[in-house]
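Letter by letter, the chains look like this.
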Amino acid sequence: DGGITQSPKYLFRKEGQNVTLSCEQNLNHDAMYWYRQDPGQGLRLIYYSQIVNDFQKGDIAEGYSVSREKKESFPLTVTSAQKNPTAFYLCASSISLGQGEKLFFGSGTQLSVL
Amino acid sequence: AQSVTQLGSHVSVSEGALVLLRCNYSSSVPPYLFWYVQYPNQGLQLLLKYTTGATLVKGINGFEAEFKKSETSFHLTKPSAHMSDAAEYFCAVTISGNTPLVFGKGTRLSVIA
């Protein structure tokens, strides 16, 4: 079955540590996105990518980095510069940018600070 | 830039009662509007969408929404709430399908037996 796989489901970060969240899709989608979800804040866009080897900052990119070396993969690194990383992170993909009716979400990764 | 405002972070209804979740948008050009539902610790699922054409759109699970340009609104309704409707609901907007979706802050729906 086609879909988006996020791993791990739960992740713990120590002070000063970088951690990487995985996102893989087998839907042959060009566009991929990372959203951060905090209680009462909705979903805020961190980064998005329209095609391989290209990505753009979203509204809250500071303290995060991404890469898009393969169409299927869009990993997110939470760096030590992100001082408040505890949140639920959602990866999504769509055929092309902005296709909300064909926007598929992964099951999310809950990141917590030790 | 486009944005959405969801009125009410938490709505509580009795089982069988009308569900009304409010969403107002801001956009300088015709928007594409969406409602998504999220169950605990899961991703989001599309409930319904408005792009062009008929302003009353029907979605899954008996939900519908009406696009009202004059009121810049896209409220979500369901005639009769079911216990399984308890979840968080998000309104989202994009400009003509060419920009990433911008989400509202969400409304948590509780259904009381």
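Report follows, based on the coordinates.

What counts and what doesn't
- Residues numbered from 1 in each chain as written.
- Chains lettered and ligands numbered in written order.
- Predicted model: local features only at pLDDT ≥ 70, side-chain atom pairs only at ≥ 80, totals over all residues.
- Heavy atoms only, no water.
- Helix = DSSP H or I, 4+ residues; strand = E, 2+ residues; numbered from the N terminus.
- Rg over C-alpha atoms; globule rule 2.2 N^0.38 Å.
- Buried < 20%, exposed > 50% of the residue type's maximum accessible area, 1.4 Å probe, protein only.
- Contact = heavy atoms within 4.5 Å.
- Lys, Arg positive; Asp, Glu negative; His and termini not counted.
- Charge placed at Lys NZ, Arg CZ, Asp CG, Glu CD.
- Core = buried A, V, L, I, M, F, W, Y, C linked by side-chain atoms within 4.5 Å.
- Pairing = 2+ DSSP bridges.
- Polar contact = N/O pair within 3.5 Å; in protein donor to acceptor, adjacent residues only side chain to side chain.

1. Remarks on the overall build of chain B
Part 1: Along chain B, the regular secondary structure elements total 0 helices and 11 strands.
Part 2: Beginning at the N terminus, the succession of helices and strands in chain B can be written as β-β-β-β-β-β-β-β-β-β-β.
Part 3: Here the C-alpha atoms of chain B give a radius of gyration of 13 Å, agreeing with the 13 Å that 2.2 N^0.38 yields for 113 residues.
Part 4: Considering chain B as a whole, with its 113 residues, one finds that 43% of them fall into the buried category.
Part 5: Once local pairs closer than 6 in sequence are excluded, the contacts in chain B between residues at least 24 apart make up 57%.
Part 6: Across chain B, the 8 positively charged side chains and the 6 negatively charged ones have centroids separated by 6 Å.

2. Quick word on the nonpolar core
Residues and elements named next belong to chain B.
Part 1: Ranked by internal contacts, the top residues of the largest apolar core, which has 26 residues, are Trp35, Leu47, Leu48, Phe74, Leu76 and Tyr89.
Part 2: Mapped onto this core, the elements with two or more residues apiece are strand E2 (10–14), strand E3 (19–26), strand E4 (31–38), strand E5 (44–50), strand E7 (64–68), strand E8 (73–78), strand E9 (87–95) and strand E11 (107–112).
Part 3: In contact with Phe74, other than residues within four places in its own chain, are Cys23, Leu33, Phe34, Trp35, Leu48, Lys49, Tyr50, Val57, Ala65, Glu66 and Phe67.

3. Section: the pairing of E8(B)
The side chains of a regular strand alternate between both faces of the sheet.
Residues and elements named next belong to chain B.
Part 1: Counting buried positions along E8 gives 5 out of 6 residues, so the element sits mostly inside the fold.
Part 2: Pairing analysis gives 5 bridges linking E7 to E8, with the strands arranged antiparallel. Of the residues in E8, the one forming a bridge with Glu64 is Thr77.
Part 3: Between E7 and E8, which pair antiparallel in sequence order, lie 4 residues; one of them, Thr72, sits at a positive phi of approximately 45 degrees.

4. Focus on the side chain of B:Thr94
Part 1: Here B:Thr94 is to be found in strand E9.
Part 2: We classify B:Thr94 as buried; its relative accessible area is 0%.
Part 3: Within the structure, B:Thr94 has its side chain in polar contact with the backbone oxygen of B:Thr99 (distance 2.6 Å).
Part 4: Once you skip the residues sitting within four places of it in the chain, B:Thr94 turns out to touch A:Gly98, B:Gln2, B:Pro31, B:Tyr32, B:Phe34, B:Thr99, B:Pro100 and B:Leu101.

5. Considerations on unusual backbone geometry
Part 1: Cis geometry is adopted by the peptide bond preceding A:Pro8, which originates at A:Ser7 and carries an omega value of -10 degrees.
Part 2: For A:Pro8, the location among the structural elements is in the loop between strand E1 (4–7) and strand E2 (10–13).

6. Looking at the environment of A:Lys71
All names here are of chain A.
Part 1: Tracing the backbone shows Lys71 in the loop between strand E7 (64–66) and strand E8 (76–78).
Part 2: Residue Lys71 is classed as partly exposed on the basis of its relative accessible area, which comes to 23%.
Part 3: Distance in space between the C-alpha atoms of Lys71 and Gly42 is 27 Å, their sequence separation being 29 residues.
Part 4: When sequence neighbours within four positions are dropped, the list of residues in contact with Lys71 reads Gln25, Asn28, His29, Asp30, Met32 and Val52.
Part 5: In this structure the side chain of Lys71 is engaged in a polar contact, spanning 2.8 Å, whose partner is the side chain of Asn28.
Part 6: Here Asp30 takes part through its side chain, which lies 3.4 Å from a polar atom of the side chain of Lys71.

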